[in-house]
Amino acid sequence: MYQKYKNAELVKPGGLELKDRLVGVQRVTKVTKGGRAFGFSAIVVVGDEAGIVGHGLGKSKDVSTAIAKAIEDAKKNLVRIPLVKGTLPHEQKGKFGGARVNIIPAAPGTGVIAGGAVRTVLEAVGVHDVLSKSQGSSNPHNVVKATFDALLQLRDARTIARDRGISLEKVYNG
């Protein structure tokens, strides 16, 4: 799922205090010759509020089963996100389908300035100070995936230094 991100570090859910957050539940209708068949799809974000987060989709005939399936799916897709003092290392844009998300690090005390699905993901990651703008599609599925696209492109100073083969001081001072 995260093959295209070279610095995406997959995490096993064992021994983690994961909190699940429901992003949205949709009622879907399938029309058959016997009438309408209702089902539900739920999208859930799980995270330990310390840099580890995952998202999942669950579908079922009833809401509670759909949510339970989504939580299980989210636990299978956990990744580590680099955080610096409760915010992000740098500004980043993410895209998925028609949804575009821009996340910007903020000064301490700013809080999480984000709407809807973006806010849910950023809170699950454990970011305390961030600015964000969601543009294009407001479909929660695509907005969550666009936010993950942005988060998975984040690199901390150590990673940049390692990739460039230079010292950490040279990254900061040039």
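Structure first, text after, so check above.
Treat the numbers as computed from the prediction; the structure is a model and nothing was measured.

Student: It is not clear to me how the nonpolar core should be interpreted in this structure. Could you clarify?
Tutor: In a soluble, globular protein the nonpolar side chains are often hidden away together inside. Membership of the largest hydrophobic core comes to 27 residues, with the highest contact counts inside it found for V53, I81, I103, L122 and L151. Contributions of two or more residues to this core are made by β3 (35-47), β7 (99-105), α2 (116-125) and α3 (140-152). For this core, the leading source of residues is α3, giving 7 residues. Counting the residues that make up this core, at least three belong to each of domain 1 (9-79) and domain 2 (84-173). If near-sequence neighbours (up to four positions away) are discounted, I81 is found in contact with G51, V53, V125, L151, L152 and L154.

Student: Honestly, the packing of α2 against α3 in this entry has me stumped. Any pointers?
Tutor: Helix-helix packing is characterised by the crossing angle of the two axes and by the distance between the axes. Where α2 meets α3, the axes come as close as 8 Å, and the angle between the chain directions of the two elements is 45°. Accordingly, the angle class assigned to the pair α2 and α3 is oblique. Of the two elements, α2 crosses α3, and the hand of that crossing is right-handed. Contacts between α2 and α3 involve A117, V118, V121, L122 and V125 from the former and P140, V143, V144, T147, F148 and L151 from the latter. Grouping the constituent residues of the contact of α2 with α3 by class yields 10 nonpolar, 1 polar and no charged.

Student: What's the story with the pattern of salt bridges in this structure? I'm lost.
Tutor: If the charged atoms of two oppositely charged side chains come close together, the side chains can form a pair. All told, the structure shown has 4 salt bridges when counted by the stated rule. E49 is the partner of R21 in a salt bridge, and the nearest nitrogen-oxygen pair spans 2.4 Å. Separated by 28 residues along the polypeptide, R21 in strand β2 (residues 19-32) and E49 in the loop between β3 and β4 (52-60) bring together distant segments of the chain. When salt bridges with common partners are traced through the structure, they connect K19, R21, E49, R119 and E123 into a single cluster.

Student: I'm lost on unusual backbone geometry in this one. Help?
Tutor: Glycine aside, residues mostly have negative phi angles, and peptide bonds mostly take the trans form. The backbone of E49 sits at a positive phi, close to 60°, despite the residue not being glycine. At K85, a position not held by glycine, the phi torsion is positive, near 50°. If you trace the backbone, K85 turns up in the loop between β5 (79-80) and β6 (92-96).

Student: Whenever I open this one, the side chain of N102 confuses me. Can you help?
Tutor: With respect to the secondary-structure elements, N102 resides in strand β7. Classification of N102 as buried rests on a relative accessible area of 16%.

The rules behind the values
Residues numbered from 1 in each chain as written. Predicted model: local features only at pLDDT ≥ 70, side-chain atom pairs only at ≥ 80, totals over all residues. Heavy atoms only, no water. Core = buried A, V, L, I, M, F, W, Y, C linked by side-chain atoms within 4.5 Å. Buried < 20%, exposed > 50% of the residue type's maximum accessible area, 1.4 Å probe, protein only. Helix = DSSP H or I, 4+ residues; strand = E, 2+ residues; numbered from the N terminus. Domains from an automatic or database assignment. Contact = heavy atoms within 4.5 Å. Axes fitted to C-alpha atoms, helices over the stretch in contact; angles between N-to-C directions. Parallel < 35°, antiparallel > 145°, perpendicular 65-115°, else oblique. Left-handed = near helix turned anticlockwise from the far one by under 90°. Nonpolar A, V, L, I, M, F, W, Y, C, P; charged D, E, K, R; others polar. Salt bridge = Lys/Arg side-chain N within 4 Å of Asp/Glu carboxyl O.

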